[in-house]
Amino acid sequence: MNLIFLGPPGAGKGTQAERIAERYQIAHISTGGMLRAEIRNATPLGAEAKAYIDKGALVPDSVIIGMVESRIQKEDCKNGFLLDGFPRTTAQADALAEITDVDAVVDIEVPFERLVARISGRRMCPGCGAAYHVTTHSAATCDKCGETLYQRDDDREETVQNRLVVYEEKTAPLIAYYRERGKLLTVNGDAEIDTVTDSIVKGLS
Ligand code: AP5
Ligand code: MG
């Protein structure tokens, strides 16, 4: 099963992707997570990506497409994969269609006014990439691996606003793109985390 999770920043793509990938035993591929790992490891790709990410802009298609193309050829994708945060432009979607088939595209819908609060209260685990929210998780460490949580640099208010604008301009057109191709599954992301997971599972089966 090859899946794509679409949705604006803060919609819950990463939160749901972790659960769905585990349930169906498929690889969870977060392009944002891969880029953050490159930055942490101080690679040339990380240095290039950081300049874009810190502004809330998209990393160039040429960089991202090559990265995803080699990632989905890895052994752990034999059973399928879940792309979280890719594609984000029509050029990326066209390139993906050349490489592989996709079974379903899950669009997680959340009202825009909820997104900033979700993002500004988010805390991330540097080890496993799990996302928590300060209102529902008071501990300073990750429940799964015990690492100290941190706030993403691009979760600052000014950057968040730009990410939302970029989403509307560059990524939202993919909703129509995949609807026209009969792949789109829309779920309400403005509900309890477990409820959203149930809607996705129901929609996929
Ligand atoms: P990326 O890491 O993909 O960030 P994003 O798309 O902005 O999405 P987020 O990770 O912010 O949100 P999410 O939907 O995963 O929400 P989450 O589950 O964490 O990309 C970062 C940057 O990398 C981009 O800006 C770009 O520069 C670059 N990049 C990445 N991919 C690229 C590509 N393909 N092309 C070009 N550039 C690319 O949840 C958010 C918060 O809400 C958490 O605190 C969570 O606990 C909470 N929450 C989740 N679900 C619920 C719920 N149901 N109810 C209440 N709270 C909830
Ligand atoms: Mg994410």
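So, a few notes on the structure that sits alongside this text.

The rules we used
- Residues numbered from 1 in each chain as written.
- Chains lettered and ligands numbered in written order.
- Predicted model: local features only at pLDDT ≥ 70, side-chain atom pairs only at ≥ 80, totals over all residues.
- Heavy atoms only, no water.
- Phe/Tyr/Trp six-rings, centres within 6.5 Å; stacked < 30°, edge-to-face > 60°.
- Helix = DSSP H or I, 4+ residues; strand = E, 2+ residues; numbered from the N terminus.
- Buried < 20%, exposed > 50% of the residue type's maximum accessible area, 1.4 Å probe, protein only.
- Lys NZ or Arg CZ within 6 Å of the ring centre and 35° of its normal.
- Near = heavy atom within 4 Å.
- Polar contact = N/O pair within 3.5 Å; in protein donor to acceptor, adjacent residues only side chain to side chain.
- Areas by Shrake-Rupley, 256 points an atom, 1.4 Å probe, with all protein chains shown as cover.
- Contact = heavy atoms within 4.5 Å.
- Axes fitted to C-alpha atoms, helices over the stretch in contact; angles between N-to-C directions.
- Parallel < 35°, antiparallel > 145°, perpendicular 65-115°, else oblique.
- Nonpolar A, V, L, I, M, F, W, Y, C, P; charged D, E, K, R; others polar.
- Arc of directions from axis to C-beta.

Side note on the packing of aromatic side chains
Two numbers describe a pair of aromatic rings. These are the distance of the centres and the angle of the planes.
So, point 1. The full count for this structure, using the stated rule, is two aromatic pairs.
So, point 2. Ring geometry for Phe112 and Tyr167: centres 6.4 Å apart, planes at 40 degrees, overall tilted. Of the two residues, Phe112 is situated in helix H6 (residues 112–120) and Tyr167 in helix H7 (residues 157–171); the sequence distance between them amounts to 55 residues.
So, point 3. Assessed through its relative accessible area of 7%, Tyr167 is described here as buried.
So, point 4. Residues Tyr177 and Tyr178 carry aromatic rings whose centres are separated by 4.9 Å and whose planes lie at 75 degrees to one another, so their mutual orientation is edge-to-face.
So, point 5. Lying across the ring of Tyr177, Arg181 places its NZ or CZ 3.6 Å from the centre.

Describing the site of ligand 1
So, point 1. Around ligand 1, the structure places 33 residues, and the nearest of them are Thr15, Ala57, Arg88, Arg122 and Arg163.
So, point 2. Here Ala191 contributes a backbone N or O atom positioned 2.7 Å from a nitrogen atom of ligand 1.
So, point 3. Burial of ligand 1 by the surrounding chains reaches 93%, relative to a free accessible area of 1100 Å².
So, point 4. Put simply, the parts of the chain that give the shell around ligand 1 at least two residues each are helix H1 (13–24), helix H2 (31–40) and strand E6 (131–133).
So, point 5. It is H2 that contributes the most residues to the shell around ligand 1, four residues altogether.

Considering the environment of Asn162
So, point 1. Take Asn162: it is sitting in helix H7.
So, point 2. Asn162 sits in the partly exposed class, given a relative accessible area of 30%.
So, point 3. A sequence separation of 22 residues divides Asn162 from Leu184, and the C-alpha atoms of the two residues are 26 Å apart.
So, point 4. Residue contacts for Asn162: discarding those within four places in its chain leaves Lys55, Gly56 and Ala57.
So, point 5. At a separation of 2.7 Å, a polar atom in the side chain of Asn162 contacts the main-chain carbonyl oxygen of Lys55.

Let's talk about unusual backbone geometry
So, point 1. Across the junction of Phe86 and Pro87, the peptide omega takes the value -5 degrees, indicating a cis bond.
So, point 2. With respect to the helices and strands, the residue Pro87 is situated in the loop between strand E3 (81–84) and helix H5 (90–99).
So, point 3. Phi at Gln25 is positive, roughly 55 degrees, even though this residue is not glycine.
So, point 4. Its location among the elements puts Gln25 in the loop between H1 and strand E2 (27–30).
So, point 5. Look at Gln25 and you get exposed, because its relative accessible area is 54%.
So, point 6. Despite not being glycine, Ala42 has its phi angle at roughly 55 degrees, a positive value.
So, point 7. For Ala42, a relative accessible area of 68% corresponds to the exposed category.

Quick word on the packing of H2 against helix H4 (residues 61–71)
So, point 1. It is at 11 Å that the axes of H2 and H4 come closest, and there the two elements cross at 100 degrees. The angle between H2 and H4 falls in the class roughly perpendicular. Mapping the contact onto sequence places Thr31, Met34 and Leu35 in H2 and Ile64, Met67, Val68 and Arg71 in H4.
So, point 2. In the contact of H2 with H4, the residues fall into five nonpolar, one polar and one charged.

Topic: helix H3 (residues 44–53)
So, point 1. For H3, the full list of buried residues reads Gly46, Ala49 and Ile53. For H3, the arc enclosing every buried residue in end-on projection is 70 degrees, short of the 170-degree limit, so these residues lie on one face. More than 90 degrees from the buried face of H3, the exposed residues found are Pro44 and Ala47.
So, point 2. If you follow the buried residues of H3, they end up packed against H2 and H7.

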